[in-house]
Amino acid sequence: MGKGVELLLVLAIGVFGIANGAAVPRSPLSTRDTNLPMNFTADIILRDGYFLEQHEVTTADGYILTMFRIPGSPANPIRQGKNVAFLMHGLLSSSADYVISGPGRALAYMLVDAGYDVWMGNARGNTNSRRHIFHDPDARNTNFWDFSWHEIGYFDLPAMIDYTLAYTGHTSLHYAGHSQGTTSFFVMASLRPDYNKKIRSMHALAPVAFMSNLRSPFVRAFAPFVDQLEWIMNMLGVNEFLPSNDMMIMGGQRLCEDESPFQEVCANVLFLIGGFNSPQLNRTMIPALLENAPAGASVNQLVHYAQGYNSGRFRQYDFGLTLNLIRYGSIRPPDYPLHRVTAPVALHFSDNDWLAAVSDVRQLHGELSNSIGLFRVSDPRWNHLDFVWGIDANTFLYERVQSVKRHRLSMVLSNSCWALLALASVAALAQASTIRDVLAFRTGEGPQPTDIAPLTADIISNDGYLVEEHQTTTADGYILTMFRIPGGPGNPPREGKNVAFVQHGLLCSSADWVILGPGKALAYMLVDAGYDVWLGNARGNTHSRRHIFHDPDARNTDFWDFSWHEIGYFDLPAMIDYALQFTGQTSLQYAGHSQGTTSFFIMTSLRPEYNQRIRSMHALAPVAFMSNLRSPFVRAFAPFVDQIDWLMRMLGVNEFLPSSDMMALGGEMLCRDEARFQEVCANVLFLIGGFNSPQLNRTMLPAILANTPAGASVNQLVHYAQGYNSGRFRQFDYGLTLNLIRYGSIRPPDYPLDRITAPVALHYGDNDWLAAVSDVRQLHSNLRSSIGLFRVSDPNFNHLDFTWAIDADSLLYRRVISFMDRYN
């Protein structure tokens, strides 16, 4: 069929639809029809006991859209004359959003129960509206996907609204939309202003029009490269973004169900999209959410939003200078004339919405001629997805949506994402110093590139404190580096100072204790308090990557044949002995974080003579027993630790997350204050140790990632996973045969914590995902000389806050130093 004939047919359909008030209505399917075609939304509605009808309408440009009607329920029977409520979903979503929370909670059901005749739309391209009179959505070079949310507003909404009104006999209805469901409404009401009269009230849930101030790391990441991205997608013939597929559904069921160790990862992927609000996400519901979302969209929908973010304008699609001239008669696309929106609009917004920023919603409010007002959700953590999936959406939002009728109204996320991240990463790294420059600096053959943050010694020197570098060799041949800070600007070096030894955690280094800077970092606070401070570095990290025989970079090296057992048995004794001998002291104060506590408990339980050399020990986020940890990473790989251990050995991979110049470069370019990826960097850290956004100084991220990860052996991770699986604090499990040879039993022995006599203070946080409160209490009960349990007063204090929190000085370090002073 020729293009001219096709165009005439489409125009004919459009004229027919407009003339009849409902573009090509088809006979409705209801629960009384035996051949009802089932899908997710329909299944949910029927399961929940509500009446259901399925309707189809064809738009003026040929898209066949599916709508679901809920005319009543057993408790609220069907009757003529009910007020009509029309609900429209957001980007990558579907009508299922409004029923998935179930009776008494989902907006659609609450409206039915309140006496409304409820209709739910589905935009072109989603699971329920994936048909066209000519185009095949699955063909390679199809025109099916040649649309953005502009066409959804200009064609889809009018067609569905006209059909609904014609079918019910009404002349107007109430409209509620979420996210893109608001964007498309503003397109319709501004460009086709006659539809304003068909709207009694419009309720914008998380309204998206202006976007300059959004915080979403995904949009901010790919927006600067949207023109190149669009060109690449066109060249590849990729027009659909995140289609619904069986693999996604199966993955959601298997990886995100209640029994899955990956469930928390699934939850946090959702949080990274719209904002973090853990209490409002029903994790049991995640498989059902991923059965319905992503529901499919065109690449152009994403591109159009990115254009809006870049331009700061709410305007039509930008096709480029030439095509803009042809289509619009100007080189820039025209703004949507929001002053023509005369329907009463209520804007429901929230403080923690990463996609609909408060300032952008206020700008929209100022452009609307008939806004009912701005209505803030009272939960300060309410995010973009909570508007449809929040556990308490019924009380925080939906009841208000219905009640606004008293104000003259009667109702008020594949692989594609990672590809976008990769594109932005490459572009950012292209602006940085070259890897060759960095390597030259690291080997002393070139100046320090300005893009690379300093390591421990450089940090200390730059901060104006004195620094000495010392090395000691362990009994099994590892050469360890320690940094000593004998004095600072206000506290010069002198003989006889009390010694404080501070030990880092897993994948970290001595930099942890100075990175916060003077007046904030524990090492500097100790120096200012009069201590002679020594910072240890465990075998295998950036500063202790040498052995008298083994090469850490050789393929089949024995260098990495250790876990934190050896760090406690060999490294700590060697470093403590050296520090005491060098200073002429017989005992010292000890502070350790995470693995720095684990290794201490090994040393003092297996080599109890070292208890006499410890005046007091301060365990920050102590890790020994691990049964109740919440970290999604440990919980995910722990059940498969034996297979992972075997596989790593077969592949000759023994080092885990080594320090690398690429990481340092990436941290500087992608995570600095000007970078659009900064919030992604922050949330990667939160996913490890727990969420506490106010305590992370994001400006510090490049320095953190220049020093972390600092390298570790695979066995260190394996040993922790074994502890999680067994619920015991015990030595490395080599398997039945090797255990018999090494230990004389098929199970490794527990560490004899009763032999620890050094005074130990256990400092813990409620929101620590790696050192759970119950596990710390179990440790406390096993120690003979525990000073006590000391809770950090911030209820959100997480595992990494013990070293990097903005207020670690006042919340924790002052108390630690006060205890040390008592035991001198």
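It should be noted that the structure appears before, not after, this text.
To start, this report covers the structure provided alongside it. Note that the structure is a prediction, hence the values are computed from the model and not measured.

### Side note on the overall build of the protein chain
Argument step 1. Assigned secondary structure in the protein chain consists of 31 helices and 23 strands.
Argument step 2. In the structure as shown, the protein chain presents an accessible area of about 31,700 Å², 54% of it carried by carbon and sulfur atoms.

### Some words on the pairing of strand 3 (residues 63-70)
Argument step 1. Across the eight residues of strand 3, eight count as buried, placing the element largely inside the fold.
Argument step 2. Burial along strand 3 is two-sided: Tyr63, Leu65, Met67 and Arg69 facing one way and Ile64, Thr66, Phe68 and Ile70 facing the other are all buried.
Argument step 3. Pairing geometry for strand 2 (residues 53-58) and strand 3, over six bridges, is antiparallel. Bridge pairing in strand 3 links His55 to Met67.
Argument step 4. The hairpin formed by strand 2 and strand 3 contains four residues between the paired strands, and Gly62 there has a positive phi angle of roughly 95°.
Argument step 5. As paired strands, strand 3 and strand 6 (residues 131-132) are joined by two bridges and run antiparallel to one another. The partner of Tyr63 across the bridge, within strand 6, is His132.
Argument step 6. Here strand 3 pairs with strand 5 (residues 117-120) via three bridges, running antiparallel. In the strand pairing of strand 5, Ile70 is matched with Val118.

### Details of the pattern of salt bridges
Argument step 1. Applying the stated criterion across every chain yields a total of 22 salt bridges.
Argument step 2. With a shortest N-O distance of 2.8 Å, Asp61 and Arg124 are connected by a salt bridge. Of this pair, Asp61 sits in the loop between strand 2 and strand 3 while Arg124 sits in the loop between strand 5 and strand 6, and the two are 63 residues apart along the sequence. By the burial criterion, Asp61 is buried, and Arg124 matches it.

### Details of helix 9 (residues 263-274)
Because the α-helix completes a turn every 3.6 residues, residues three or four places apart line up on one side.
Argument step 1. End to end, helix 9 covers 18 Å across 12 residues, agreeing with the expected 16 Å (1.5 Å per residue, within 8%).
Argument step 2. Across the 12 residues of helix 9, 10 count as buried, placing the element largely inside the fold.
Argument step 3. Positive backbone phi, at 120°, marks Gly275, one or two positions downstream of helix 9.

### Description of the state of the cysteines
Argument step 1. The final tally for this structure, using the stated rule, is two disulfides.
Argument step 2. Shown here is the disulfide that connects Cys256 with Cys266, its sulfur atoms set 2.0 Å apart. Disulfide Cys256 to Cys266: torsion about the S-S bond roughly -75°, handedness left-handed. In this pair, Cys256 sits in helix 8 (residues 246-256) while Cys266 sits in helix 9, placing the two residues 10 residues apart along the sequence. Comparing Cys256 with Cys266, the two get one shared label, buried.
Argument step 3. Here Cys671 pairs with Cys681 through a disulfide, and the sulfurs are 1.9 Å apart. Linking Cys671 and Cys681, the disulfide has an S-S dihedral of approximately -70° and is accordingly described as left-handed. Within this pair, whereas Cys671 is found in helix 24 (residues 661-671), its partner Cys681 is found in helix 25 (residues 678-689), the two being separated by 10 residues in sequence.
Argument step 4. Sequence-ordered numbering of the bonded cysteines in the protein chain yields a pairing of 1-2, 3-4.

### Remarks on the side chain of Asp97
Argument step 1. Positionally, Asp97 belongs in the loop between strand 4 (84-88) and helix 3 (107-113).
Argument step 2. As a buried residue without a salt bridge, Asp97 has its nearest oppositely charged side chain in Arg47, at a separation of 12 Å.
Argument step 3. Only 3.3 Å separates the side chain of Asp97 from the side chain of Trp389, close enough to count as a polar contact.
Argument step 4. Setting aside residues up to four positions removed in sequence, Asp97 forms contacts with His89, Val388 and Trp389.

### Considerations on unusual backbone geometry
Argument step 1. A cis amide bond links Thr708 to the next residue, Pro709, at an omega of 0°.
Argument step 2. Mapped onto the fold, Pro709 is located in the loop between helix 26 (701-707) and strand 21 (712-713).
Argument step 3. Positive phi, close to 55°, is recorded for Ser179, a residue that is not glycine.
Argument step 4. With respect to the element layout, Ser179 can be found in the loop between strand 7 (173-178) and helix 5 (180-191).
Argument step 5. On the accessibility criterion, Ser179 (10% relative accessible area) is buried.
Argument step 6. Positive phi, normally seen in glycine, also occurs at Ala206, with a value near 60°.
Argument step 7. Mapped onto the secondary structure, Ala206 falls in the loop between strand 8 (199-205) and helix 6 (217-222).

### What to know about the side chain of Gln695
Argument step 1. Of note, Gln695 is situated in the loop between helix 25 and helix 26.
Argument step 2. For Gln695, the side chain forms a polar contact with the main-chain nitrogen of Asp807, separated by 2.8 Å.
Argument step 3. Residue contacts for Gln695: discarding those within four places in its chain leaves Asp794, Asp801, Trp804, Ala805, Ile806, Asp807, Ala808 and Leu811.

### What about the packing of helix 20 (residues 564-583) against helix 21 (residues 595-606)?
Angle between the axes and distance between the axes: these two values describe a pair of packed helices.
Argument step 1. It is the contact of helix 20 with helix 21, at a shortest axis distance of 8 Å, that shows an interaxial angle of 80°. Here helix 20 lies roughly perpendicular to helix 21, going by the angle between them. On helix 21, the residues touching Trp564, His565, Ile567, Gly568, Tyr569, Leu572, Pro573 and Ile576 of helix 20 are Gln595, Thr598, Ser599, Phe600, Ile602, Met603 and Leu606.
Argument step 2. Partitioning the contact of helix 20 with helix 21 into residue classes produces 10 nonpolar, five polar and no charged.

### Section: helix 27 (residues 714-726)
Argument step 1. The end-to-end C-alpha separation of helix 27 is 18 Å, in line with the 18 Å expected for 13 residues at 1.5 Å each.
Argument step 2. With 11 of its 13 residues buried, helix 27 lies for the most part within the structure.
Argument step 3. Within helix 27, the full set of buried residues consists of Val714, Asn715, Gln716, Leu717, Val718, His719, Tyr720, Ala721, Gln722, Gly723 and Tyr724.
Argument step 4. Of the residues flanking the end of helix 27, it is Gly727, one or two places downstream, whose phi is positive at about 75°.

### Here's the deal with the packing of helix 4 (residues 149-168) against helix 11 (residues 299-311)
Argument step 1. The N-to-C vectors of helix 4 and helix 11 enclose an angle of 105°; their axes lie 8 Å apart at closest approach. Overall, the two elements helix 4 and helix 11 adopt an arrangement that is roughly perpendicular. Counted together, Trp149, His150 and Ile152 of helix 4 and Gln301, His304 and Tyr305 of helix 11 form the full contact between these two elements.
Argument step 2. Per-class residue counts for the contact of helix 4 with helix 11 are three nonpolar, three polar and no charged.

Definitions and cut-offs
Residues numbered from 1 in each chain as written. Predicted model: local features only at pLDDT ≥ 70, side-chain atom pairs only at ≥ 80, totals over all residues. Heavy atoms only, no water. Helix = DSSP H or I, 4+ residues; strand = E, 2+ residues; numbered from the N terminus. Areas by Shrake-Rupley, 256 points an atom, 1.4 Å probe, with all protein chains shown as cover. Buried < 20%, exposed > 50% of the residue type's maximum accessible area, 1.4 Å probe, protein only. Pairing = 2+ DSSP bridges. Salt bridge = Lys/Arg side-chain N within 4 Å of Asp/Glu carboxyl O. Expected span 1.5 Å × (residues − 1). Disulfide = S-S within 2.5 Å. Lys, Arg positive; Asp, Glu negative; His and termini not counted. Polar contact = N/O pair within 3.5 Å; in protein donor to acceptor, adjacent residues only side chain to side chain. Contact = heavy atoms within 4.5 Å. Axes fitted to C-alpha atoms, helices over the stretch in contact; angles between N-to-C directions. Parallel < 35°, antiparallel > 145°, perpendicular 65-115°, else oblique. Nonpolar A, V, L, I, M, F, W, Y, C, P; charged D, E, K, R; others polar.

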